[in-house]
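Descriptive analysis of the structure
Each chain, letter by letter, is given below.
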Number of protein chains: 2
Amino acid sequence: MSILDSDIVNELQGLMGDRVTQAVAIRDQHGRDEGWHPAAAPDAVVFAESEADVVATVEACARYGIPLIPFGVGTSLEGNIGAIHGGVCIDLSRMTRVLEVNVEDLDARVQAGITRTVLNKALLRDGLFFPIDPGADATIGGMTATRASGTNAVRYGTMKDNVLGLTAVLADGSVIRTGNRARKSSAGYDLTRLLVGSEGTLAVITEVSLRLYGMPEVIGGAVCSFDGIGGAVRTVIEAIQLGVPVARLEFLDEVQVDACNRFSGLDLPVAPLLLVEFHGSAVAVADQASTVESLALGNGGRDWSWSTDQAERERLWTARHQAYYAAKALRPGCLAIPTDVCVPISRLADCVLETRADIDALKLTAPIVGHVGDGNFHVLVLFDPDHPDELDRAKELNARVIARAQGMGGTCTGEHGIGYGKLEFMRGEHDEGELRAMAAVKAALDPAGILNPGKMIPEIPALTG
Amino acid sequence: MSILDSDIVNELQGLMGDRVTQAVAIRDQHGRDEGWHPAAAPDAVVFAESEADVVATVEACARYGIPLIPFGVGTSLEGNIGAIHGGVCIDLSRMTRVLEVNVEDLDARVQAGITRTVLNKALLRDGLFFPIDPGADATIGGMTATRASGTNAVRYGTMKDNVLGLTAVLADGSVIRTGNRARKSSAGYDLTRLLVGSEGTLAVITEVSLRLYGMPEVIGGAVCSFDGIGGAVRTVIEAIQLGVPVARLEFLDEVQVDACNRFSGLDLPVAPLLLVEFHGSAVAVADQASTVESLALGNGGRDWSWSTDQAERERLWTARHQAYYAAKALRPGCLAIPTDVCVPISRLADCVLETRADIDALKLTAPIVGHVGDGNFHVLVLFDPDHPDELDRAKELNARVIARAQGMGGTCTGEHGIGYGKLEFMRGEHDEGELRAMAAVKAALDPAGILNPGKMIPEIPALTG
């Protein structure tokens, strides 16, 4: 049913007053994420302030058969929150409470709308932190829904590994609480991880229980230049094989390093740069740094610099911290497609090198930044929105990178999710049986298909009984 | 349909010859696991040697509507493989091939029937290992199906964290391959982790891709006695908060230590014993041991001993390695109920102490062994099978321990699974909505309910659309 033919807005306003709006500016803001895909505004926006608000909204949408799209702060990149079939957007950004922090158990329960930096500020007084750090200051609910990760994943894992349980509202308005406070359990299907990464298509997540970590006693930062990506990747492979518990392993290609030199006034060699971070005791950090240094030098690394002093290690990592802005500054006024493939690390150097050749062949400007410890890298493909041909070439590059990664046994998205922007690439990654199983699960939990419709699963034939 | 009214056995024998049998001894062997629950033999057993065998068997069972139960080597403990509704048991223990080992990517793909020790022998030549170690030499498929873990979980995680993808045959005979070779992905529902821990109720797992690790350069082993469990648990909590990457953190209570002293001729203080293992470089292991030693001494620990010499650290850990046999030897001829609760670590000391009081009140002999880093512990409740009253008291203890753990926010099973032995405890752990969601997923993927029926999910009302 179209929202225009229903009383749903009046009904929701009767329950929640001015927390329900059809103001054009607010609708527009809720149809657009930080990606490059066309926006699609919802017909109405509900600002939920409680689980009861979410339940009421889901129940109303279920009753009228109207699409419902969960929304955090809109930092997704693949049109994950676009209301491509219209409907109601439920904004959870007012649900920001830290409900419990259990210092001894290293866990916390938070409302879905809290952002990761606000959470980390709240954890600071207990000497704890939550490590998952997508570039944006996303909400924990949004990070859960997209199975986000970031620079710490090589040591701390992704949202898949750090969500212990959650509370969610299913498509019929019923509330489920998954997981428990034990560190492990073999009691039933893992509904927690079924909902992590489901992008609002199976349920609206309202609370998340998270695994926390003690702040490291010492943090060391290092950088090292290489003549080619091969030596940098080989260093990473050897460090991981040796079991060095490296916290961050980041990579900038020579185009990105050049951009950083110009933007941040650095004088790094214009060559592939490996950035490493170590967490642990003073002895452990020094031991790890010494091991990685010798691996790096053995693989052609040069200008190895490292420090455990906060100001100095932040200076060393300046290029990484400013990478996004430096890249954008290469062509002011341009937009960008951020690719997001992830490949087995044995294929990473080839994948990056072949991608660089593609970039050159397509005459594009596109620096590369990688979470090299995971085999995940992003090409920031700049394009002038006033030149449709550039967008076409940028899209062509994205498609080539994805096909290459999938051909190497990798994925079209390491951490951004599918939304509707990568729907067309699901078939290249999952066989028909897997897509049918996903569709069957979706139909089981959301038979009317009201939750974030048109996302994640391409149209496929139904699973036969 | 009953197997007796069908041609299924003839049909399967036509396809697979003498790999399909109704011999009583083989049927009996396949209805009994290593637990204490009554056995339930299947009507026939198929020894699958290929994916095609599995597909043919599933398709035949689907066509006739006959239950199908996947079986590895039968080391489960909760009646997970009992054919309580009859049907066909599919034995995968002949599917033992290592299909690929990717040394640089630290992953392998294996057939489901390989056992963990056979796999680890095959990995040795590459200096790699797979860390998940349930007590038994289980198959990788069985470990995947029960979401197994063991003593290494505090550092390396459980099967949930170490299965990268799998191949499985769904109830309609279609084959799906989940996951890919990238270390992380946000492309669609996490079907891998939906099948991990599903105990054969959603699909028959035929291949598993696993995460591997480099053999540690140095392994250190330590033991330390405490006057009470409180000091041991506090030591563990502080070590984890400090981020010490301890590999193993095991606990024996005073009854278990006493049993070990008698069985293995040791002279450990009859007091709670903490056993610790460290993996890493020589420097890292020494640093970790020094940190944990000072934490232990600060919490009342005494007789701290540690070594990186293999023979010496194995001697130190003798009590742990022999714990099961030492416990059984306390009452020769007795059977045992192994409990398996897991609680938040902040509640672990209370949970163990209250459990010990219950054991004494019920006049049972029951040593306690814990994977203390995870909050998981096992009480081995010995009972004389010729005295039904003892079994009743042992069951009563199991129920009390479970109720206590669930009341503390924990789980009735940290690593053994539900089978039919713990079906009655699912309601104490999961709310109605969660059980309905599990049932909906089960119905979506196995609409006729042929896969391992009567396990995992208690009877509940259907999910309303």
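First things first, this report covers the structure right here in the doc.

The rules we used
In this convention, every chain numbers its residues from 1, walking through the sequence in written order. Following the order in which they are written, the chains are lettered starting with A and the ligands numbered starting with 1. pLDDT decides what is reported in this predicted model: residues at 70 or higher carry local features, side-chain atom pairs at 80 or more are listed and counted, and totals for whole chains, interfaces and linings draw on all residues regardless. By definition, any uninterrupted DSSP run of H or I lasting at least four residues is a helix, any uninterrupted run of E lasting at least two residues is a strand, and each is numbered from the N terminus. We compute the radius of gyration over the C-alpha atoms and compare it with the globule rule, which gives 2.2 Å times the number of residues raised to the power 0.38. The burial label depends on the number of other C-beta atoms within 10 Å of a residue's C-beta. Counts of 20 or more mean buried, 12 or fewer mean exposed, and intermediate counts mean partly exposed, with C-beta atoms placed from the backbone. C-beta atoms are placed from the backbone for every residue, and two residues are taken to be in contact when these atoms lie within 7 Å. Between any two strands, at least two bridges found by DSSP are needed for them to pair. Inter-axis angles, ranging from 0 to 180 degrees, are taken between N-to-C directions of lines fitted to C-alpha atoms, where helices are fitted over the stretch in contact. An angle counts as roughly parallel when it lies under 35 degrees, as roughly antiparallel when it exceeds 145, as roughly perpendicular when it falls between 65 and 115, and as oblique in every other case. Handedness of a helix crossing follows the sense of rotation of the near helix relative to the far helix, less than a right angle counterclockwise being left-handed and clockwise being right-handed. Copy-to-copy superposition: least squares on the C-alpha atoms, limited to residues that have pLDDT of at least 70 in both copies. The term nonpolar core means buried Ala, Val, Leu, Ile, Met, Phe, Trp, Tyr and Cys residues held together as one set by C-beta atoms within 7 Å. Classes in brief: Ala, Val, Leu, Ile, Met, Phe, Trp, Tyr, Cys and Pro nonpolar; Asp, Glu, Lys and Arg charged; the others, Gly included, polar. Here, expected helix span is obtained from the residue count minus one, scaled by 1.5 Å.

Some thoughts on the overall build of chain A
- Along chain A, the regular secondary structure elements total 17 helices and 18 strands.
- Computed over C-alpha atoms, the radius of gyration of chain A comes to 23 Å, within 12% of the 23 Å expected from 2.2 N^0.38 for 465 residues, which places it in the range of a compact globule.
- With 465 residues in all, chain A has 61% of them scored as buried.
- In chain A, the share of contacts with a sequence separation of at least 24, taken over all contacts with a separation of at least 6, comes to 72%.

Brief notes about the sheet that holds strand 13 (residues 248–252) of chain A
Residues and elements named next belong to chain A.
- Ordered in space as 15-12-14-13-17-18-16, the 7 strands form an open sheet in which the pairing is antiparallel. Only two strands of the sheet have a single neighbouring strand rather than two, namely strand 15 (302–307) and strand 16 (335–338). The mean inter-strand angle of the sheet, taken between neighbouring strand axes irrespective of direction, is 15 degrees.
- In terms of strand pairing, strand 12 (residues 218–225) meets strand 14 (residues 273–280) through 8 bridges, oriented antiparallel. Each residue of the ladder has a partner; that of valine 218, found in strand 14, is glycine 280.

Quick look at the packing of helix 1 (residues 8–16) of chain B against helix 3 (residues 51–64) of chain B
All names here are of chain B.
- The interhelical angle for the contact between helix 1 and helix 3, taken along N-to-C directions, is 160 degrees, at an axis separation of 11 Å. Judged by the inter-axis angle, helix 1 sits roughly antiparallel to helix 3. As for the relative orientation of helix 1 and helix 3, their crossing is right-handed in sense. Note on element contacts: helix 3 touches helix 1 through Asp53, Ala56, Thr57, Ala60 and Tyr64, opposite Ile8, Glu11, Leu12, Leu15 and Met16.

A closer look at the relation of the copies chain A and chain B
- Once turned by 180 degrees and shifted 0.0 Å along the axis, chain A lies on chain B with an RMSD of 0.0 Å. Overall, the copies show the geometry of a two-fold rotation axis.
- Both copies contact each other with a shared surface, as 100% of the interface residues of chain A are interface residues in chain B too.

Some remarks on the nonpolar core
- Grouped together as the largest cluster of nonpolar side chains are 312 residues, with contacts concentrated most on Ile90(A), Val381(A), Ile90(B) and Val381(B).
- Those residues in contact with Ile90(A) that sit more than four places away from it in its chain are Val46(A), Ala48(A), Val54(A), Thr57(A), Leu68(A), Pro70(A), Phe71(A) and Val204(A).

Section: the interface of chain A and chain B
- Across the contact, 88 residues belong to chain A and 88 residues belong to chain B.
- Looking at the side of chain A that touches chain B, the elements with two or more residues in it are helix 7 (159–162), strand 9 (175–179), helix 8 (191–195), strand 11 (213–214), helix 9 (229–241), strand 14, helix 11 (282–298) and helix 17 (432–445) of chain A.
- Ranked by residues supplied to the side of chain A that touches chain B, first place goes to helix 17 of chain A with 9 residues.
- Class assignment for the residues of the side of chain A that touches chain B results in 36 nonpolar, 33 polar and 19 charged.

Brief notes about the pairing of strand 6 (residues 107–111) of chain A
Residues and elements named next belong to chain A.
- Strand 6 sits mainly inside the fold: 4 of its 5 residues count as buried.
- Where strand 5 (residues 98–102) meets strand 6, 4 bridges bridge the pair, whose relative direction is antiparallel. Paired with valine 101 across the strands is alanine 108, a residue of strand 6.
- The loop that links strand 5 with its antiparallel partner strand 6 comprises 4 residues; one of these, leucine 106, has a positive phi angle of about 55 degrees.
- Examined bridge by bridge, strand 6 and strand 10 (residues 203–211) share 5 bridges and lie antiparallel to one another. Across the sheet, residue glutamine 111 finds its bridge partner in strand 10, namely glutamate 207.

Comments concerning helix 11 of chain A
- Here helix 11 of chain A is 17 residues long and its end C-alpha atoms lie 24 Å apart, about the 24 Å a rise of 1.5 Å per residue gives.
- Within the span of helix 11 of chain A, buried status applies to Ala284(A), Val285(A), Asp287(A), Gln288(A), Ala289(A), Thr291(A), Val292(A), Leu295(A) and Ala296(A).
- Contact partners of the buried residues in helix 11 of chain A: strand 12, helix 9, strand 14 and strand 15 of chain A together with helix 11 (282–298) of chain B.
- One or two steps after helix 11 of chain A, the chain reaches Gly300(A), where phi turns positive at roughly 85 degrees.

A closer look at the environment of Asp360(B)
- With respect to the helices and strands, the residue Asp360(B) is situated in helix 15 (residues 345–361).
- The exposed category is assigned to Asp360(B), around which 11 C-beta atoms lie within 10 Å.

A few points about helix 15 of chain B
Residue and element names in this part refer to chain B.
- In this model, helix 15 (17 residues) spans 25 Å end to end at C-alpha, consistent with the 24 Å of a helix rising 1.5 Å per residue.
- When helix 15 is considered as a whole, its buried residues turn out to be Ile345, Arg347, Leu348, Ala349, Cys351, Val352, Thr355 and Ile359.
- Buried positions along helix 15 lie against helix 9 (229–241), strand 17 (368–371), strand 18 (376–383) and helix 16 (388–407).
- Note on helix 15: the residue one or two positions beyond its end, lysine 363, has a positive phi of about 55 degrees.

Quick word on the sheet that holds strand 3 (residues 68–71) of chain A
Residue and element names in this part refer to chain A.
- Spatially, the 4 strands line up as an open sheet ordered 1-2-4-3, and their pairing is mixed. Either end of the sheet is taken by a strand with one partner, and the two such strands are strand 1 (20–21) and strand 3.
- Note: strand 3 against strand 4 (residues 88–91), 4 bridges, orientation parallel. Across the sheet, the residue bridging to leucine 68 is valine 88, located in strand 4.
- The strands that helix 3 (residues 51–64) touches are strand 2 (44–47), strand 3 and strand 4; relative to strand 4, the one it contacts most, it runs at about 170 degrees.

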